[in-house]
Amino acid sequence: MVMADRPEVQTASTPVTALTMVGLADNMLNGLARVPFRKFWNGPGGLLDNVGQSVTRQAIRSFMGYIVGLPIEEFRSMEKVLDDLCQVVIPPFIRLTDGVEVTTDEIAGVPGLWLRARASADEHVDDAEDKKTIKGTILYLHGGGYIGTTPMMYSAFAASLVSGTGCEVFIADYRMAPEFPYPAGVLDATDVYRGLLDRGVDADHLIIAGDSGGGGLATQVVNHLRTEGLPRPAAVALFSPEVDLDLDHPSITENATTDILPWNVPVTPYLHGIQPDDERVSAARAEPDPEWFPPAFVCWGSSEMFRDPVRDYVAVLEKAEVEVCSVEGRGMFHVFPILMPWAESSHEVYRELDAFVDRHVTPDPAATATH
């Protein structure tokens, strides 16, 4: 299920949706046409990395700039079309490149996608000795600024997490704003976490992860788990998390020209009256309990708008003596490991994350692909 499939969500008519898609294509082509007139060869890496970064930055920036101005019903219809395209392209691609299988499921009433190594399932292994052990379970909360994208759009990145960490990944299709503002997403993710425990997944083998708005949501969920008296997860992994919705840090304006995010990052639809500096939604302003908060992996780019709040958040965790593994990608923009997996900075993130998971999650001999 995507947001457009929910009965409470309004969508645009077919002709309007078609015009919306044409407008998106035109806007992105117009944006990419600007690349040759800028210093696209400059950047933190080699020539190919720098060119790739310039093209990726302009493509995503054009995409983001277009969608934030759409009426919500057009946005949801466009999102549905893009998700349909991803469902055709991505599953066979990651099956071939990563050996990862995608299956649908519903946990505690929340739909989502499982991604698992094909070799972890009996039906895909001829010899029992070749069967892979599932090291742990990652509950992944996809990004999109609390308002957009879908699990399928993140399945390629999730497949890389499966390949690198040896874990299985469940991408939750949580409810999003503006139709479902805070705390709907927190409650959905908490229900999935509780549902995984009910299915026999040990909390010591559970990682909560997310990027951008999903990373911010992951921090909110971790704090909510403690309030609910649920066992803490083994770890949390965050990629450019949106951890301070007040958006009052210098990097918000200083890095507006080097990031992929729109200069007018929308947060009001999610807050729905909650103050942006409320520690329930802005983890950088909360005080984590060092006796409960799990070890954290955090990565971000030095040229992204969220750089300063993420740095502040890491400092808050370190001050509370929470174990933190942090990686700042030099000259990189928002969620660069997802958008530029080929870059050396992204390779460093993957290496550090894999080592982090090895330290904090031991293989569960009872784990199977039937959760």
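Residues numbered from 1 in each chain as written. Predicted model: local features only at pLDDT ≥ 70, side-chain atom pairs only at ≥ 80, totals over all residues. Heavy atoms only, no water.

- By the naming in an unreviewed UniProt entry, the protein chain goes by Alpha/beta hydrolase and is assigned to Gordonia desulfuricans.

1. Let's talk about the overall build of the protein chain
- Of the regular secondary structure elements, the protein chain holds eleven helices and eight strands.
- Taking 371 residues into account, the globule formula puts the C-alpha radius of gyration at 21 Å, and the protein chain, at 20 Å, falls close to it.
- Dimensions along the principal axes, computed over C-alpha positions, put the protein chain at roughly 55 × 45 × 45 Å.
- In the protein chain, which comprises 371 residues, the proportion classed as buried is 55%.
- Put simply, of all contacts in the protein chain between residues at least 6 apart along the chain, 78% involve residues at least 24 apart.
- Total accessible area on the protein chain stands at roughly 15900 Å², and carbon and sulfur atoms take up 54% of it. (Helix = DSSP H or I, 4+ residues; strand = E, 2+ residues; numbered from the N terminus. Rg over C-alpha atoms; globule rule 2.2 N^0.38 Å. Buried < 20%, exposed > 50% of the residue type's maximum accessible area, 1.4 Å probe, protein only. Contact = heavy atoms within 4.5 Å. Areas by Shrake-Rupley, 256 points an atom, 1.4 Å probe, with all protein chains shown as cover.)

2. Notes on the pairing of strand S3 (residues 137-141)
- The buried fraction of S3 is high, at five of five residues.
- The pairing of S3 with strand S5 (residues 206-211) spans five bridges and is classified as parallel. Bridging from a neighbouring strand, Leu 139 pairs with Ile 208 of S5. (Pairing = 2+ DSSP bridges.)

3. Details of the packing of aromatic side chains
- Tallying each qualifying case throughout the model produces nine aromatic pairs.
- A ring pair is formed by Tyr 140 and Phe 157, whose centres lie 5.9 Å apart and whose planes are at 65°; its orientation type is edge-to-face. Taken together, the positions of Tyr 140 in strand S3 and Phe 157 in helix H4 (residues 155-165) put the pair 17 residues apart, joining distant regions of the chain.
- A centroid spacing of 5.2 Å and a plane angle of 90° characterise the contact between Phe 157 and Phe 239, whose relative ring orientation is edge-to-face. With Phe 157 in helix H4 and Phe 239 in strand S6 (residues 235-239), the pair connects residues that are 82 residues apart, well separated along the chain.
- Phe 239 sits in the buried class, given a relative accessible area of 1%. (Phe/Tyr/Trp six-rings, centres within 6.5 Å; stacked < 30°, edge-to-face > 60°.)

4. A closer look at the side chain of Thr 219
- In this fold, Thr 219 is placed in helix H6 (residues 213-228).
- Residue Thr 219 is classed as buried on the basis of its relative accessible area of 2%.
- Setting aside residues up to four positions removed in sequence, Thr 219 forms contacts with Leu 238, Val 243, Ala 283 and Tyr 313.

5. Here we look at unusual backbone geometry
- Here the bond from Ala 177 into Pro 178 is cis, since omega is 5°, no more than 30 degrees from zero.
- Within the fold, Pro 178 resides in the loop between strand S4 (168-172) and helix H5 (184-198).
- Along the chain, Tyr 182 connects to Pro 183 via a cis peptide bond; the corresponding omega equals 10°.
- Located in the positive-phi region is Leu 247, a residue other than glycine, with phi close to 50°.

6. Digging into the sheet that holds strand S8 (residues 324-329)
- Pairing is mixed in the open sheet, where eight strands are placed in the order S1-S2-S4-S3-S5-S6-S7-S8. Every other strand in the sheet has two partners, leaving strand S1 (100-107) and S8 as the edge strands with one partner each. Neighbour-to-neighbour, the strand axes of the sheet open up by a mean angle of 20°, direction not taken into account.
- Of the strand pairs in this sheet, S5 and S6 are connected by five bridges, and their pairing is parallel. Following the sheet pairing, Asp 211 is matched in S6 by Phe 239.
- Against the sheet, helix H9 (residues 307-319) contacts S6, strand S7 (296-301) and S8, and its axis sits at roughly 155° relative to S7. (Axes fitted to C-alpha atoms, helices over the stretch in contact; angles between N-to-C directions.)

7. Some thoughts on the pairing of S1
- Both S1 and strand S2 (residues 110-117) contribute to a ladder of eight bridges, which runs antiparallel. Bridge pairing in S2 links Thr 104 to Leu 113.

8. With respect to the UniProt feature "domain: Alpha/beta hydrolase fold-3" (unreviewed entry) in the protein chain
- In this numbering, the UniProt entry assigns the feature "domain: Alpha/beta hydrolase fold-3" (unreviewed entry) to residues 138-336.
- For residues 138-336, the end-to-end C-alpha separation is 20 Å, with 33% helix and 16% strand making up the annotated structure. (UniProt positions renumbered as here; feature names shortened; annotations may be inferred.)

9. Details of the pattern of salt bridges
- Applying the stated criterion to the full structure yields 21 salt bridges.
- A salt bridge links Asp 358 to Lys 135, with the shortest nitrogen-to-oxygen separation between them at 2.2 Å. Within this pair, whereas Asp 358 is found in helix H11 (residues 344-360), its partner Lys 135 is found in the loop between S2 and S3, the two being separated by 223 residues in sequence.
- Taking the relative accessible area as the measure of exposure, Asp 358 reaches 46% and is therefore partly exposed.
- Judged by relative accessible area, Lys 135 falls into the buried class, the value being 15%.
- Residue Asp 188 is joined to Arg 175 by a salt bridge in which the shortest nitrogen-to-oxygen separation is 2.9 Å. A residue pair is termed long-range when its members are at least 10 positions apart, and Asp 188 in helix H5 and Arg 175 in the loop between S4 and H5 qualify at 13 residues.
- In this structure, a network of salt bridges that share partners links the residues Asp 244, Asp 246, Asp 248 and Arg 285. (Salt bridge = Lys/Arg side-chain N within 4 Å of Asp/Glu carboxyl O.)

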